[in-house]
Every structure is written in structure tokens, then in C-alpha cells.
Amino acid sequence: MKKAVRYTAIILIILALMLTGYVIYVFTAYERLPDKLTLEVNKTEGEEMMLVSGQPYTVMTYNIGFGAYLPEYSFFMDGGKSSWGKDADSVTAAVCGAAGVINDADPDFVLLQEVDRDGTRSYHIDELELVNRFMEGYYYTYAQNYDSPFLFFPPWEPHGKNKAGLVTYSGAKITAAVRRSLPISESVSRFVDLDRCYSISRIPLTDEKALCLYNMHMSAYGSSDEIRAGQLAMLYEDMQADYEAGNYVICGGDFNHNLKLETSGDAPEWACSFPRESLPEGFRMAIDDGGEEDDVAHNTCRSADEPYSEETTYTVTLDGFILSDNVTVRSYRHVDTGYAYSDHDPVLMEFILQ
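These notes cover the structure that comes with them. Computed from a predicted model, the values in this text were never measured in an experiment.

Using the criterion set out here, one finds 16 aromatic pairs in the structure. Their ring planes at 40° and their centres at 6.1 Å tell us that Y57 and F351 sit as a pair that is tilted. A residue pair is termed long-range when its members are at least 10 positions apart, and Y57 in strand β3 (residues 56–63) and F351 in strand β16 (residues 347–353) qualify at 294 residues. Of the residues examined, Y57 reaches a relative accessible area of 5% and is grouped as buried. Classification of F351 as buried rests on a relative accessible area of 0%. Among the aromatic residues, those joined into a cluster by ring pairs are F66, Y69, Y73, F75 and F76. Positioned over the ring face of Y139 is K43, at 5.5 Å from the centre of the ring. Above the face of the Y142 ring, R117 is positioned so that its terminal group lies 5.0 Å from the ring centre.

Our focus in this paragraph is the sheet that holds strand β1 (residues 37–38). One open sheet holds the seven strands; their spatial order is β1-β7-β8-β9-β10-β14-β11, and the pairing between them is mixed. Strand pairing shows two members of the sheet lacking a second neighbour, β1 and β11 (283–285), which therefore form its edges. In terms of strand pairing, strand β9 (residues 210–217) meets strand β10 (residues 248–254) through seven bridges, oriented parallel. Residue M216 lies in a different strand from β10, and its bridge partner there is G253.

Moving on to helix α4 (residues 225–244). Between its first and last C-alpha, α4 extends 28 Å over 20 residues, near the 28 Å set by a 1.5 Å rise per residue. For α4, the full list of buried residues reads I227, R228, Q231, L232, M234, L235, Y236, D238, M239 and D242. Its buried side turned inward, α4 meets β7 (176–181), β8 (197–204), β9, β10, β11 and β14 (319–324). Of the residues flanking the end of α4, it is G246, one or two places downstream, whose phi is positive at about 95°.

Moving on, we come to helix α2 (residues 88–105). If you check α2, its first and last C-alpha atoms are 26 Å apart, about what 18 residues at 1.5 Å a residue would give, namely 26 Å. For α2, the complete set of buried residues consists of S90, V91, A94, V95, G97, A98, A99, G100, V101 and I102. Tucked inside the fold, the buried residues of α2 contact β3, β4 (109–119) and α3 (127–132). The distance from a side-chain oxygen at the start of α2 to the backbone nitrogen of D89 is 3.2 Å, and the residue carrying that oxygen is D87. Just beyond α2, the residue with positive phi is D106, at close to 55°.

Procedures and definitions
Residues numbered from 1 in each chain as written. Predicted model: local features only at pLDDT ≥ 70, side-chain atom pairs only at ≥ 80, totals over all residues. Heavy atoms only, no water. Phe/Tyr/Trp six-rings, centres within 6.5 Å; stacked < 30°, edge-to-face > 60°. Helix = DSSP H or I, 4+ residues; strand = E, 2+ residues; numbered from the N terminus. Buried < 20%, exposed > 50% of the residue type's maximum accessible area, 1.4 Å probe, protein only. Lys NZ or Arg CZ within 6 Å of the ring centre and 35° of its normal. Pairing = 2+ DSSP bridges. Expected span 1.5 Å × (residues − 1). Contact = heavy atoms within 4.5 Å. Polar contact = N/O pair within 3.5 Å; in protein donor to acceptor, adjacent residues only side chain to side chain.

Structure, rendered in C-alpha cells:
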């Protein structure tokens, strides 16, 4: 009995030391990127276009969900089962499938979220390199918004160490780009939410103005009303400065808010309504200028607490665009893939710079 008690005590002490060491590792390894970080501009092979006012262009936003969210996938943070993609082949197929949707639409500009560069959850596949194979003739920037220490939860499939970010593509030359670090929670939840940011890519026109293309991914997990308001306030300040300088502003991405005017009584906390009343003067939600009701009937995001079922899965529109008043919407459409490659579906907008 004495030996059993002694051995049990030793095991408990070792486990406690291991846990303490791991907690120290997580806190010391966590580090946010600096704010106002200049982003490198790269280009894929192919011809570039010239951007001018008065001509129609198209822009797409798409959260590709790090290649994991095939229809049968459910995510542990949403109450589902999985933490990783099914396997390397399925992640590759999902990313290439999403890139194929983009390629078929052939937009002039593309805003992508949750693009893994080196992740346990995505089998260390460089998803940016995969997407680039489909993107001929685009300038692009990559803004990292996640580089976690190794996370040992859930215990049945540890989420691991992951690096992901936002990618902005432009058929016209990007001359400057910057990454802005959004305010986030200071609690333990910061280790499971992304290191939130948005990027600004500036694309000059022939008349000395610029299109300022914002790529945004707001907080999802453990975010408070105060954090949401702080993130939007920071975004608005930058957009207003660009607009008042005479530029055109398009902000697209995953807002993690319901962008439709109507709300349902069974909406979860993460699908709260976007505060339209907070928009600064001179800006509006592009979906409010959208085309036919059928074009936006399909919601852009499904809940990942279960495999996707058209009959039972909760859906909501989290993805879209905010525009300055000098940008006119010609058409606006939620692209319905049936969530074939992600828990999000893309939004495609045709616009004119006045």
C-alpha cells in the first residue's frame, strides 16, 4: 500500500510538472505580430490590368476554412468532433476545389481568409502555393493572423501548431500594403482565437486616386461586445482616412456578424447582427444594394457543430462587403456551392468606381 501511494504521488507530481511546463511554454511562445506591418507584394505569372474609374470590375470574398470543412466535417470549437482536416488529400482537394470556384468566376480581385501556410491541422500544406496555381496574372499579399504555439487540445486530436493568414489578390498592380493588428481578448481565449488583423492593399488608378482594398476577419471565439466595437472602430478610422483622401474603399471578408437585416430567434451568440448604426458617414453595407432577393437567399456560412445537412444545419450570412459612397454596386451574389469546400460560401460583387 505504501509503495502504491508513493508511486501514485510520483506520477501526479510528474504530471503536474509537465502541465506547469506546458502552460509556461504556451504563454512564453505566444507573441502577436507588430501593428502597421508592411506586407510584401508578389505576383503570379500573367498579364496585369489597368484600373480606371467608370469601368465594371468584380471582387470575391471567400473564407476557405483551411481546407478542412468538407460537408461531413464538424469542428470541435463549435461543438463538433474534429480538429484537423480528414487527411492531406482531402485538405488539398478542398483548397483546390475552392480555388476552382474562384477560377470559374474569374474575378478581378479576391479576398481570402483562413489560408494555412504551415499547420498541424492542415498537414503542413502550403495552401497559398496551392491557390496560386489557379491565379494567373494576379498581384497578391499575405497577412499572417495566426501562428499559435502547439495546442494540446482537444486531447483526442490536438489542434497543434498552426500558421494561417489573409490573402488579397488583385489583377491590377498593388503598390503598397499594410497589416493592422486588431484589438483582441486578453484572456485565455486569445490562444484559441486567431491573432486578428486586417490588411489594406492600395491599387492606384490612372487618375491619381487609389482603390483601397481591405481584407477583414473579425473575432469569433470568446469575443465581447467591447472587443467587437473596438475592432470596428479601428477599421472605420482607417477607412474614413482613405475615403477623405479621395480614394475608393472596399472592405470585404468574414465579419463574424449576421450581415442580413433580418435575424432569427435561434441565432447563436457568434451570429449577432452587424451594427449598421456604427458605420461612419459615407459608408454602407453592399448587401443592402444587392440585386434580386434570390441572389442573396443562400447564406454564406453554416454552423460546424455537425456535418452539413440542408434540413437541420443552422446557416447565416457572415461574409460580404462595406463600401464607400463613391463605389456603385452593379450586381451582388452569394455563390451557392452547398458548402462543398468550406463552411463558408463566397460572395461575388460587380462594382464601378465612380
